[in-house]
Amino acid sequence: HTPKDQTLYAKAILRRENIGLTEMRYFSTQPNLSKSKIYDLSAVNYLLSSGSLPKSEHLEPIHKNKQFFLYRNKQAWPYFYLADQIQSFDSYDDLYDAQKGVAYLKEETVSILPSPHRRELKLIEFNYGDLKFKYSSDENEFLVITDAWHPYWRARINNVETKVFKTNGIFKGVPLPPGEG
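Computed from a predicted model, the values in this text were never measured in an experiment.

Draft legend 1. Spotlight on the pattern of salt bridges. This structure, assessed with the given rule, holds 12 salt bridges. For the salt bridge of Asp93 with Arg15, the shortest nitrogen-to-oxygen distance reads 3.4 Å. Here Asp93 is found in the loop between β5 (85-88) and β6 (102-105), whereas its partner Arg15 is found in helix α1 (residues 4-16), with 78 residues between them in sequence. Here Arg119 ties to Glu141 by a salt bridge, and the two come within 3.0 Å at their closest N and O atoms. With a gap of 22 residues between them, Arg119 in strand β7 (residues 119-127) and Glu141 in strand β9 (residues 141-148) connect regions that are remote in the sequence. Connected via shared salt-bridge partners are Arg16, Lys37 and Asp97.

See the structure below:
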């Protein structure tokens, strides 16, 4: 089962590419999807296929044998990043032309300075349902994590709970105050 938001997001992106998809379960088995922008936007770094995929500038063959072919997606967005700016969007269709490094929110309740400044971000721990980062910045930041948003996700900065925003349509975003956390 695929959550409704993820289904609507995927269908909107694929519709822009003239790829009809009646059932989400066929998403990973359709060979014409290997060039889809949905993999880039969703931070899919590697594609695994039982057969050879059509040549593409953004897919680099990594490994092949009798059982499978492995490709690296050179255009994949990072799994997590500090946004360079925040923009609003109205529908999933608007996200097709999303720009790397931007956080897209339905409501503009968070703001950051787009100017360059000192900032650092490091993933400290990655476990199922538990991500830990260390950051420092002179300004407000917005952390985007390309992992499915859910209303029950919680975030804490220095043991203080903060809101988790639905970002880029279906992912998580967390506002970070200046300083370290």
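Still more ground to cover, so stick around.
Draft legend 2. The arrangement of the packing of aromatic side chains in detail. Per the counting criterion, the structure on display carries 6 aromatic pairs. Measuring from ring centre to ring centre gives 6.0 Å for Tyr9 and Phe171, while their planes differ by 70°; the resulting arrangement is edge-to-face. Residue Tyr9 is located in helix α1, and its partner Phe171 is located in strand β13 (residues 171-176); the two are separated by 162 residues in the primary sequence. The buried category is assigned to Tyr9, whose relative accessible area is 3%. A relative accessible area of 6% places Phe171 in the buried class. When the ring of Tyr79 is compared with that of Phe126, the centres are 5.9 Å apart and the planes differ by 65°; the resulting orientation is edge-to-face. Here the residue Tyr79 occupies a position in the loop between β3 (69-73) and β4 (80-82), and Phe126 occupies one in strand β7, the gap between them amounting to 47 residues. Using a relative accessible area of 24% as the deciding quantity, one classes Tyr79 as partly exposed. By relative accessible area, Phe126 is classed as partly exposed at 49%. Note that Lys172 overlies the ring of Trp153, its terminal NZ or CZ placed 3.7 Å from the centroid.

Draft legend 3. Structural detail: the side chain of Ser136. Mapped onto the elements, Ser136 comes out in strand β8 (residues 130-137). A relative accessible area of 8% places Ser136 in the buried class. One polar contact links Ser136 to Arg118, side chain to side chain, over a distance of 3.1 Å. Residues within four places of Ser136 in sequence aside, it is in contact with Arg118, Arg119, Glu120, Gly179 and Glu180.

Rules of the game
Residues numbered from 1 in each chain as written. Predicted model: local features only at pLDDT ≥ 70, side-chain atom pairs only at ≥ 80, totals over all residues. Heavy atoms only, no water. Salt bridge = Lys/Arg side-chain N within 4 Å of Asp/Glu carboxyl O. Helix = DSSP H or I, 4+ residues; strand = E, 2+ residues; numbered from the N terminus. Phe/Tyr/Trp six-rings, centres within 6.5 Å; stacked < 30°, edge-to-face > 60°. Buried < 20%, exposed > 50% of the residue type's maximum accessible area, 1.4 Å probe, protein only. Lys NZ or Arg CZ within 6 Å of the ring centre and 35° of its normal. Polar contact = N/O pair within 3.5 Å; in protein donor to acceptor, adjacent residues only side chain to side chain. Contact = heavy atoms within 4.5 Å.

Any link to function would need more than the numbers given here.
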